[in-house]
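# Summary of structural features
Okay, here's what each chain looks like letter by letter:
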Amino acid sequence: MSSKQAPPPLPEPLRVAVADAHTHLDMQEGSVAEALEKAASVGVTTVVQVGCDLKGSRWAAETAAAYDSVHAAVALHPNEAPRLVHGDPDGWSRQGAREAGGDAALDDALDGIDALAALEQVRAVGETGLDHFRTGPEGRAAQERSFRAHIEIAKRHGKALVIHDREAHADVLRILAEEGAPERTIFHCYSGDAEMAEICAAAGYYLSFAGNVTFKNAQLLRDALTVAPLDLVLVETDAPFLTPAPFRGRPNAPYLIPVTLRAMAEVRGIGEDAMAEAIARNTARAFDY
C-alpha cells in the first residue's frame, strides 16, 4: 500500500471526549467495531452515522441499534432525489445505478425515510438539502421537493435536520425560511463564508466543520469559524472524505477528529480542552442524546 492510500497515524488522544457529528462508516475500510475502537482510543467516543439513500439509511439505523456509541441520521442525499426520479444508468455514486421511477419512486423512498425517522436510535433526518454542484437544472425540482419533504419529516418526528449545502447557500436558506426550520438544524461540512455564518447563527443553526477547515485555501471557512458562536460549533469527519491536513488525500476516519479539533481551537485562540468541552456539549444538544 503506497503512503497515499495508507491510513494516517493515530493522533495524540484528546483529554475531553467528543463526538464525530457526521461520518459514513459504511464507506470506510474495516469493521464498524474496529472504527469505533480506534476512535474511542483517541477520545472520539460517539459518532453520527449518516445515510445517503434508503439502503444506507436502513444500515445506519441498524448500526445505531447495535452500538451504543452510534447515533443514526437517515435521508435521501440531495443528489439521490433526481436519480430516483430521472434515473442514473451510470451510477455516479457508491450507491449504484438507478432506473427512472418518476415522482412515485421519490415518494416511496421518502415514505421509507419517514418510517426510519420514527425510530429511537435515529437522532436526525439528513443529509438532505441542495447540491447545485452535481445536480444540473433538470434535477433541481426533484431535489427541492425532497428537501422540503425531509424538513417536514424532521419536524413531525422531533428530530434534528442535517443539511448538505453545496454551492446552493441562498436557496438552502430560503427554503429553510419558507418551510420553517426544525428546532435543531445542522449545516454539515459548513461551506459558507463569515457573513453566512452570522445569518445561520442568528437563526440558531449549528455549523459543523470538517477537515477542509485545515486546508491552505480555506481561509473563508476559518473566517466563518471565527465569527460562529462557540455554542453552535460542531466537528465532523465526513469520512472517508475531507481528510484534514497534513493527511489530505488519504482515507479519513472518526479517529482523525482530534486533528481537526486542534486546528479549530487554534483558529479560535482557545485551549484544546475548552474547544472539546464546547463541542461535546453542542453535539449532544444538537442531536438530543
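Structure first, text after, so check above.
Right, let's walk through the structure included here. (Residues numbered from 1 in each chain as written. Predicted model: local features only at pLDDT ≥ 70, side-chain atom pairs only at ≥ 80, totals over all residues. Heavy atoms only, no water.)

### Details of the pairing of strand S4 (residues 122-131)
In plain terms, the rule: A 1.4 Å probe rolled over the protein chains alone gives each residue an accessible area, and that area as a share of the maximum for its type sets the label: buried under 20%, exposed over 50%, partly exposed in between. Helix and strand assignments follow DSSP, with helices taken as H or I runs no shorter than four residues and strands as E runs no shorter than two, numbered in order from the N terminus. One requirement defines pairing of two strands: DSSP has to find at least two bridges between them. Classification remark: right-handed applies to a crossover when, strands pointing away from the viewer, the course from the first strand over the helix to the second runs clockwise.
Along S4, 10 of the 10 residues are buried, which leaves the element largely enclosed by surrounding structure. Pairing of strand S3 (residues 70-74) with S4, which is carried by 3 bridges, proceeds in the parallel orientation. Bridged to Ala72 within S4 is Val122. One ladder, built from 6 bridges, connects S4 with strand S5 (residues 160-166); its direction is parallel. Paired with Ala124 across the strands is Ala160, a residue of S5. Tracing the backbone out of S4, into helix H5 (residues 140-157) and back to the parallel element S5 gives a crossover that is right-handed.

### Regarding H5
Note the following rule: Multiplying 1.5 Å by the residue count of a helix minus one yields the expected span of that helix. Contact criterion: two residues are considered in contact whenever any of their non-hydrogen atoms come within 4.5 Å of each other.
Taking 1.5 Å per residue as the helical rise, H5 with its 18 residues ought to reach 26 Å, and the 26 Å between its terminal C-alpha atoms agrees with that figure. Along H5, the positions that sit buried rather than exposed are Ala142, Gln143, Ser146, Phe147, His150, Ile151, Ile153 and Ala154. Elements in contact with the buried residues of H5: helix H3 (80-86), helix H4 (102-117), S4, S5 and helix H6 (169-179). Phi turns positive, to about 65 degrees, at Gly158, one or two residues after H5.

### Side note on the state of the cysteines
Quick reminder of the rule: Count a disulfide wherever a pair of cysteine sulfur atoms falls within 2.5 Å.
Scanning the entire structure with this criterion turns up 0 disulfides. This cysteine, Cys52, is not joined by any disulfide, and Cys189 carries the nearest cysteine sulfur, 12 Å off. The class of Cys189 is buried, set by a relative accessible area of 14%.

### Describing the sheet that holds strand S8 (residues 233-235)
So the rule is basically this: Angles shown run from 0 to 180 degrees and are taken between the N-to-C directions of axes, each axis being a line fitted to C-alpha atoms and, for helices, limited to the stretch in contact.
Judged by pairing direction, the sheet is parallel, and its 8 strands sit side by side in the order S1-S2-S3-S4-S5-S6-S7-S8 without closing on themselves. Unpaired on one side and paired on the other, strand S1 (18-23) and S8 mark the two borders of the sheet. Here the strands of the sheet are splayed against their neighbours by 30 degrees on average, with no regard to which way each runs. Of the strands in this sheet, S4, S5 and strand S6 (185-187) are in contact with H6, which crosses S5 at around 155 degrees.

### Some details on the packing of aromatic side chains
The following threshold applies: Working definition: a ring pair exists when centres of Phe, Tyr or Trp rings (six-membered ring for Trp) sit within 6.5 Å. Plane angles under 30 degrees give stacked, over 60 give edge-to-face, the rest tilted. Both a distance and an angle decide whether a charge sits over a ring: NZ of Lys or CZ of Arg must be within 6 Å of the ring centre and within 35 degrees of the ring normal.
On inspection of all chains with the given rule, the structure shows 2 aromatic pairs. Centroid distance Phe187 to Tyr205: 5.8 Å. Interplanar angle 35 degrees. Geometry classified as tilted. Of this pair, Phe187 sits in strand S6 while Tyr205 sits in the loop between helix H7 (194-203) and strand S7 (206-209), and the two are 18 residues apart along the sequence. No difference in accessibility class separates Phe187 from Tyr205, as the two residues are buried. Plain terms: the ring middles of Tyr190 and Phe209 are 5.7 Å apart, the flat faces sit at 55 degrees to each other, and that makes the pair tilted. Here Tyr190, found in the loop between S6 and H7, pairs with Phe209, found in strand S7; they are 19 residues apart in sequence, far enough to count as distant. Comparing Tyr190 with Phe209 shows no difference in burial state: the two are buried. The ring of Phe133 carries Arg166 above its face, with NZ or CZ at 3.6 Å from the centroid.

### Here's the deal with the nonpolar core
Applicable threshold: We define the nonpolar core as a collection of buried residues of types Ala, Val, Leu, Ile, Met, Phe, Trp, Tyr and Cys that are connected through side-chain atoms lying within 4.5 Å of one another.
Core analysis: the biggest nonpolar cluster contains 72 residues, and Phe147, Leu176, Phe187, Tyr190, Phe209 and Met264 have the highest contact counts within it. At 6 residues, H4 tops the list of elements feeding residues into this core. For Leu176, the contacting residues outside a window of four places in its chain are Phe147, Ile151, Leu161, Ile163, Ala181, Thr185, Phe187 and Tyr205.

### Comments concerning the pairing of S7
Burial of S7 is two-sided: the residues Tyr206 and Ser208 facing one way and the residues Leu207 and Phe209 facing the other way are all buried. For S6 and S7, the ladder comprises 2 bridges, and the chain directions are parallel. Bridge pairing links Ile186 to Tyr206 in S7. Handedness of the β-α-β unit built from S6, H7 and S7 comes out right-handed. Of the strand pairs in this sheet, S7 and S8 are connected by 3 bridges, and their pairing is parallel. Bridged to Leu207 within S8 is Val233. Considered for its hand, the β-α-β crossover made up of S7, helix H8 (residues 219-227) and S8 is right-handed.

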